[in-house]
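Chain by chain, the residues:
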Amino acid sequence: MTTSSGRPPVRISTPAGLLAVIPFLLGFTPTDSLVVIGSANPLGRIRVALRYDLPDPPDAELAGEIAAHATAVLARQHATSAVITGYGPGRLVTPVADAVRQAAARTGVILRDVLRVEGGRYWSYLCREPSCCPSDGVPFDAAGHPAAGLLTGVGLAVLSGRAELAATIAPVSGAEAEAMAEATLRAERAGTRLIAGGGPAALDAPGLAAVRSAIEVYRRGGSVTAAVGHAWLALVLTRLRIRDDAWARMDPAHHREHGRLWTGLVRRAQPGYVAAPACLLAVTAWQGGDGALANVALDRALADHPGYSMALLLRDALASGVPPSAAAPPMTPEEVADSYAPPGDAEDPPGPAGHVTGT
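Read on for an overview of the structure.

**Some thoughts on the packing of aromatic side chains**
In this structure the tally under the stated criterion is one aromatic pair. Here arginine 116 stacks its cationic end above the ring of tryptophan 123, 4.4 Å away from the centre of that ring.

Here it is in structure tokens:
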């Protein structure tokens, strides 16, 4: 089995090799998790990598739902073989592993192995040969494996857990947060003046110009540094017309540069303004094969704006195992402009303090 998603090819032929690669596929070291790795055939590239929280306490119904979802995604992605790895104690891993084994048998997915990992050792649910699968487990060193060395050598990193990943896009604090709060008030006052003179659509021309300029700045390696610049971007992105134009400009070839832009904005945006940039960050993370970051970004979006339709759309796509190759913008900027031609969405009412609500 070899890795994909833009990472350098790494041939995996042993459980230890797979366990070394899984943290790089996820972006962090999993704990209390079930990880499903699917490929098109026993020697094919990895087609899909899924992670689920283990039900605690064990729950047969939840285990069945995880198994049904995993096998459905494997089928949609034409993955005919898989390796299942549970991270945690047997009392949590075994019920879910058993449910996946039963579901795989019903759907014809070949399970190359079903592993449990705990305390630097792994056990196989399929191997019964003491010489290779002793009862006290097989010790392994994921970080010291050659596959991990290769992936680290090309700049890939593994965080300690999902919480550390979430911290990379957590809100700023201290003086920076205070500056953003003040800048947001100034941006709201400017937006209110524009809306008073021409309605919510009066934000479109200056907002489109600001977002397009920011995208170009980041593509050239620059950054938005002023708090008021971040605040204005966050405000105008509440306009669906402007958000969708930005989405249409998310060329996968520039996903790293775009990721820098949206990460900075997600961290600085004040409550009520996070959803749009968080969704755009999710798009760029998905394009780069970083499903874990995409999901964390969607958590921020939905915490800020429950029911935000772009976030729900992206979450469904990620949950279905849709590959990064499908993450190209659904429309061109010209198509977006045509779709918002008058009367467009000019009837959308302004939200509090002058920002425009939308999903």
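**Looking at helix α2 (residues 60–76)**
Taking 1.5 Å as the rise per residue, α2 with 17 residues should run 24 Å; its terminal C-alpha atoms sit 24 Å apart, in good agreement. Every buried residue belonging to α2 is among Ala63, Ile66, Ala67, Ala70, Thr71, Val73 and Leu74, and all of these are buried. The arc that holds every buried residue of α2, seen down its axis, measures 160°, which confines them to one face. Counted as exposed and oriented over 90 degrees from the buried face of α2: Glu61 and Ala75. Those residues of α2 that are buried lie in contact with β1 (33–39), β2 (46–53), β3 (81–87), α3 (90–107) and α13 (309–319). The backbone nitrogen of glutamate 61 lies 2.9 Å from a side-chain oxygen of the residue at the head of α2, namely aspartate 59.

**Overview of the layout of surface pockets**
The calculated volume of the largest pocket comes to roughly 1000 Å³. As for the largest pocket, its lining consists of 33 residues, of which Ala49, Leu50, Arg51, Asn295 and Leu318 are closest to the centre. Among the elements of the structure, α1 (15–26), β2, α2, α11 (275–287), α12 (291–304) and α13 are those that each provide at least two residues to the lining of the largest pocket. At eight residues, β2 tops the list of elements feeding residues into the lining of the largest pocket. By residue class, the composition of the lining of the largest pocket is 17 nonpolar, eight polar and eight charged.

**What to know about the nonpolar core**
In a soluble, globular protein the nonpolar side chains are often hidden away together inside. Of all hydrophobic cores here, the largest spans 80 residues; its most connected members are Val211, Leu237 and Trp262. Among the elements that make up this core, the one with the highest residue count is α11 (10 residues). Every residue in contact with valine 211, bar those within four places of it in the chain, is listed here: Leu233, Val236, Leu237, Ile242, Ala246 and Trp262. Listed in part, the 27 residues of the second largest apolar core include Val73, Leu74, Val93 and Leu111.

**Some details on the state of the cysteines**
Taken as a whole and assessed by the stated rule, the structure comprises one disulfide. The side chain of cysteine 127 participates in a disulfide bridge whose partner is cysteine 133; the two sulfur atoms lie 2.4 Å from each other. Taking the sign of the torsion about the S-S bond as the criterion, the disulfide between cysteine 127 and cysteine 133, at about 110°, is right-handed. When its relative accessible area of 21% is taken as the criterion, cysteine 127 is described as partly exposed. Owing to a relative accessible area of 21%, cysteine 133 belongs among the partly exposed residues under this scheme. In this model cysteine 132 remains outside any disulfide bridge; the closest cysteine sulfur is found in cysteine 127, 3.3 Å from its own.

Parameters at a glance
Residues numbered from 1 in each chain as written. Predicted model: local features only at pLDDT ≥ 70, side-chain atom pairs only at ≥ 80, totals over all residues. Heavy atoms only, no water. Phe/Tyr/Trp six-rings, centres within 6.5 Å; stacked < 30°, edge-to-face > 60°. Lys NZ or Arg CZ within 6 Å of the ring centre and 35° of its normal. Helix = DSSP H or I, 4+ residues; strand = E, 2+ residues; numbered from the N terminus. Expected span 1.5 Å × (residues − 1). Buried < 20%, exposed > 50% of the residue type's maximum accessible area, 1.4 Å probe, protein only. Arc of directions from axis to C-beta. Contact = heavy atoms within 4.5 Å. Polar contact = N/O pair within 3.5 Å; in protein donor to acceptor, adjacent residues only side chain to side chain. 1 Å grid on protein atoms, 1.4 Å probe; cavity = no way out; pocket = protein on both sides within 12 Å on 5 of 7 lines; lining within 4 Å. Points joined across faces, edges and corners; volume = space filled by probe spheres on them. Nonpolar A, V, L, I, M, F, W, Y, C, P; charged D, E, K, R; others polar. Core = buried A, V, L, I, M, F, W, Y, C linked by side-chain atoms within 4.5 Å. Disulfide = S-S within 2.5 Å.

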